[in-house]
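A structural walkthrough
Now for the letters of each chain:
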Amino acid sequence: MSWDGYIDSILGTANASGTTNTDKAAIIGFDGSIWTTAYGGKGMNISATESATLGKALASQDFSGLQGNGLWLEGVKYTFLRAEDGKIIQAKKKDNGAITCAASKSAIVIAHTAEGQQAGLSTKAAVSIAEYLEGLGY
């Protein structure tokens, strides 16, 4: 199954108002597997180590490593801001945008908010796709 099509859904949902709030996205598994590709620049280039660290944190509900070391994605260290309901993670890096991670049963949907844009639409898009995947059993 190709997961790259979901990147279009994430970007389309977040940018429906004509803005470019969310500029790239990815989906990974709780086990650290990377489900999407760079997908023509719309996808994120997440390393296996970054994916495994994030997957482990959400699977175990232990965010202390992210709180202490930050959330690393695409070689960039984002400051961990908060975890909500054990399913949503927010992180930010000045001059580099923000990250929203939303978890389903076995997948983590990641949306990157472009610098200067509001992360709310990225969060809405990531949560929407995560809920959809959970409804499909993922």
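Everything below is about the structure shown above.
The rules we used
- Residues numbered from 1 in each chain as written.
- Predicted model: local features only at pLDDT ≥ 70, side-chain atom pairs only at ≥ 80, totals over all residues.
- Heavy atoms only, no water.
- Helix = DSSP H or I, 4+ residues; strand = E, 2+ residues; numbered from the N terminus.
- Rg over C-alpha atoms; globule rule 2.2 N^0.38 Å.
- Buried < 20%, exposed > 50% of the residue type's maximum accessible area, 1.4 Å probe, protein only.
- Contact = heavy atoms within 4.5 Å.
- Areas by Shrake-Rupley, 256 points an atom, 1.4 Å probe, with all protein chains shown as cover.
- Pairing = 2+ DSSP bridges.
- Axes fitted to C-alpha atoms, helices over the stretch in contact; angles between N-to-C directions.
- Phe/Tyr/Trp six-rings, centres within 6.5 Å; stacked < 30°, edge-to-face > 60°.
- Salt bridge = Lys/Arg side-chain N within 4 Å of Asp/Glu carboxyl O.

**Concerning the overall build of the protein**
Helix and strand counts for the protein stand at 4 helices and 6 strands. The N-to-C order of helical and strand elements in the protein reads α-β-α-α-β-β-β-β-β-α. For 138 residues, the compact-globule estimate of 2.2 N^0.38 gives 14 Å, and the C-alpha radius of gyration of the protein, at 13 Å, lies within 12% of that figure. For the C-alpha atoms alone, the extent of the protein along its principal axes is close to 35 × 35 × 25 Å. The proportion of buried residues among the 138 residues of the protein is 45%. Look at the contacts in the protein between residues 6 or more apart in sequence, and 50% of them connect residues 24 or more apart. Roughly 6,400 Å² of accessible area belongs to the protein as shown, and the carbon and sulfur atoms make up 50% of that amount.

**Overview of the sheet that holds strand β3 (residues 76-84)**
The strand order across the open sheet built from 6 strands is β1-β6-β5-β4-β3-β2, with neighbouring strands paired in antiparallel fashion. With partners counted over all chains shown, the strands left at the sheet margins are β1 (22-29) and β2 (71-73), one partner each. Shown here is a sheet whose adjacent strand axes are inclined to one another by a mean of 25°, direction ignored.

**Overview of the packing of aromatic side chains**
Geometrically, a pair of aromatic rings is defined through the distance of the ring centres and the angle of the planes. Across all of its chains, the model carries 6 aromatic pairs by this definition. Relative to Tyr132, the ring of Tyr6 has its centre 6.2 Å away and its plane inclined at 45°; by these criteria the two rings are tilted. Residue Tyr6 is found in helix α1 (residues 5-14), and its partner Tyr132 is found in helix α4 (residues 119-135); the two are separated by 126 residues along the sequence. Exposure remark for Tyr6: the relative accessible area of 14% places this residue in the buried category.

**Things to note about the pattern of salt bridges**
Taken as a whole, this structure holds 5 salt bridges when the rule is applied. Across the salt bridge formed by Lys24 and Glu74, the nearest N and O atoms sit 2.7 Å from each other. Taken together, the residues Lys24 in strand β1 and Glu74 in the loop between β2 and β3 connect sequence positions 50 residues apart. For Glu74, a relative accessible area of 24% puts it in the partly exposed group. Residues Glu84 and Arg82 are paired through a salt bridge, measuring 3.1 Å at the closest nitrogen-oxygen approach. Accessibility expressed as a relative area gives 30% for Glu84, which makes it partly exposed.

**Comments concerning the pairing of β1**
Burial of β1 is extensive: 6 of the 8 residues sit out of reach of the surface. As paired elements, β1 and strand β6 (residues 107-113) share 7 bridges and run antiparallel to each other. Bridging from a neighbouring strand, Gly29 pairs with Ala107 of β6.

Purely geometric numbers; function is a separate question.
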